[in-house]
Amino acid sequence: MTGRKTALVVSAHSADFVWRAGGAIALHAEHGYAVTVICLSFGERGESAKLWRQPGMTLERAKAERRQEASAAAGHLGVADLQFWDLGDYPITLSEASLYRLVEVYRATQPAFVLSHSSKDIYNHDHPAVTEFAQHARIVAQAHGHKPGQQVLGAPPVFLFEPHQPEQCDWKPTVLLDITPVWSKKRAAIECMTGQEHLWEYYTRVALQRGAQAARNSEKKITYGEGYESVFPHVVERLA
Ligand SMILES: [Zn+2]
């Protein structure tokens, strides 16, 4: 531990952290946080449709391209530690060994906050499975009886990414983050996702929408925003 603040992002597939949390990552990286991003899979089967239209595509080639795209995006966002666990997708395989591996990451990094997917997603079963997995690992990392003597995890807040179709996933934005100062970094990261070009403008519209909503709920001039759903109650010193 260097005394530097940290954050942990648990992403099911290798592009999710870009669309859903790129602004939060870039913003906190600019403020000195060491952000760890774990891509549990590459999304090589389920989120690489454009790649699969290329003749001769293989799982290994799809993974290599997805790794390259995510690495370039992470560079724009200022990610301190980008990890690829290659657990497969559609369906993702979340073993007990992987759970304990994530517990180790929690304890080693001691994140100030955690980002992961929505709790429900009727269009994508990997996403909520990863949220459950990330939450379970967080709880094990807090358990004093797990590897006694290691520093246990405190109580980092957990914020859930905006899913692709929020209403169908019972997800509500309870936190709106102003990402206007880092929008150019997020857009540059988005443009690294050449296999999913159809989503570039979609997620730009989402950012504008959340920005307008953030401005409406504050007295601030905000153009671009990211929405999150907070899992736990916020503990505050004053209400305003
Ligand atoms: Zn995904």
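It should be emphasised that the depicted structure is a prediction, and the values quoted were computed from it without experimental measurement. (Residues numbered from 1 in each chain as written. Predicted model: local features only at pLDDT ≥ 70, side-chain atom pairs only at ≥ 80, totals over all residues. Heavy atoms only, no water.)

(A) Representation of the nonpolar core within the structure. In this structure, Val9, Phe17, Trp19, Ile25, Val37, Leu115 and Met193 are the most contacted members of the largest nonpolar core, which totals 40 residues. For this core, the secondary-structure elements that each account for two or more residues are strand E1 (6-11), helix H1 (16-30), strand E2 (34-39), helix H3 (59-77), helix H6 (183-190) and helix H7 (200-216). It is H1 that provides the largest number of residues to this core, a total of 8 residues. Setting aside residues no more than four positions away along its own chain, Ile25 makes contact with Val9, Phe17, Val35, Val37, Leu77 and Val79. Ranked by size, the runner-up nonpolar core spans 24 residues in total, among them Leu99, Leu102, Val105 and Val158. (Core = buried A, V, L, I, M, F, W, Y, C linked by side-chain atoms within 4.5 Å. Buried < 20%, exposed > 50% of the residue type's maximum accessible area, 1.4 Å probe, protein only. Helix = DSSP H or I, 4+ residues; strand = E, 2+ residues; numbered from the N terminus. Contact = heavy atoms within 4.5 Å.)

(B) Summary view of the environment of Glu167. On the secondary structure map, Glu167 appears in the loop between strand E5 (158-160) and strand E6 (175-178). Here Glu167 falls in the exposed class, since its relative accessible area comes to 63%. With 46 residues separating them in the primary sequence, Glu167 and Asp121 have C-alpha atoms 9.8 Å apart.

(C) The arrangement of the packing of H6 against H7 in detail. The geometry of H6 relative to H7 is characterised by a closest axis approach of 10 Å and an angle of 155° between their N-to-C directions. Relative to H7, the element H6 is oriented roughly antiparallel. Where H6 crosses over H7, the two elements pack in a sense that is right-handed. Only Trp200, Glu201, Tyr203, Thr204 and Ala207 of H7 make contact with H6, whose side of the interface consists of Trp183, Arg187 and Ile190. The residue inventory of the contact of H6 with H7, partitioned by class, reads 5 nonpolar, 1 polar and 2 charged. (Axes fitted to C-alpha atoms, helices over the stretch in contact; angles between N-to-C directions. Parallel < 35°, antiparallel > 145°, perpendicular 65-115°, else oblique. Left-handed = near helix turned anticlockwise from the far one by under 90°. Nonpolar A, V, L, I, M, F, W, Y, C, P; charged D, E, K, R; others polar.)

(D) Representation of the coordination of the zinc ion. Each protein donor to the zinc ion is listed here as His13 (ND1), Asp16 (OD), Asp16 (OD), Glu47 (OE), Glu47 (OE) and His127 (NE2); together their distances run 2.0 to 2.6 Å. Metal-centred angles of 51 to 159° between the 6 donor atoms at the zinc ion mark the site as irregular. Between consecutive donors of the zinc ion, the numbers of intervening residues give the motif H-x2-D-x30-E-x79-H. In this pair, His13 sits in the loop between E1 and H1 while His127 sits in helix H5 (residues 126-142), placing the two residues 114 residues apart along the sequence. (Donors = N, O, S within 2.8 Å, 3.2 Å for Na, K, Ca; no water. Tetrahedral: all angles 85-135°; square planar, octahedral: opposite > 155°, others 65-115°.)

(E) Seen up close, unusual backbone geometry. Of the consecutive residues Tyr90 and Pro91, the connecting peptide bond is found in the cis state with omega at 0°. A positive phi angle is found at Lys147, which is not glycine, with a value near 50°. The class of Lys147 is partly exposed, set by a relative accessible area of 44%. The phi dihedral of Asp170 is positive, around 55°, even though this residue is not glycine. Assignment of secondary structure puts Asp170 in the loop between E5 and E6.

(F) Examining the sheet that holds strand E7 (residues 225-230) more closely. Taken together, the 7 strands give an open sheet; going across it, the order is E3-E2-E1-E4-E5-E7-E6, and neighbouring strands pair in mixed fashion. Across the chains shown, the open sheet's two edge strands, defined by having one partner strand only, are strand E3 (81-84) and E6. Sheet twist, expressed as the mean angle between neighbouring strand axes with direction ignored, is 25°. For E1 and E2, the ladder comprises 6 bridges, and the chain directions are parallel. What sits directly across from Val9, in E2, is Val37. The strands touched by H1 are E1, E2, E3, strand E4 (114-116), E6 and E7; relative to E7, the strand with the most contacts, the crossing angle is about 100°. Those strands touched by helix H4 (residues 96-109) are E1, E2, E3 and E4, and its axis lies near 160° from that of E1. (Pairing = 2+ DSSP bridges.)

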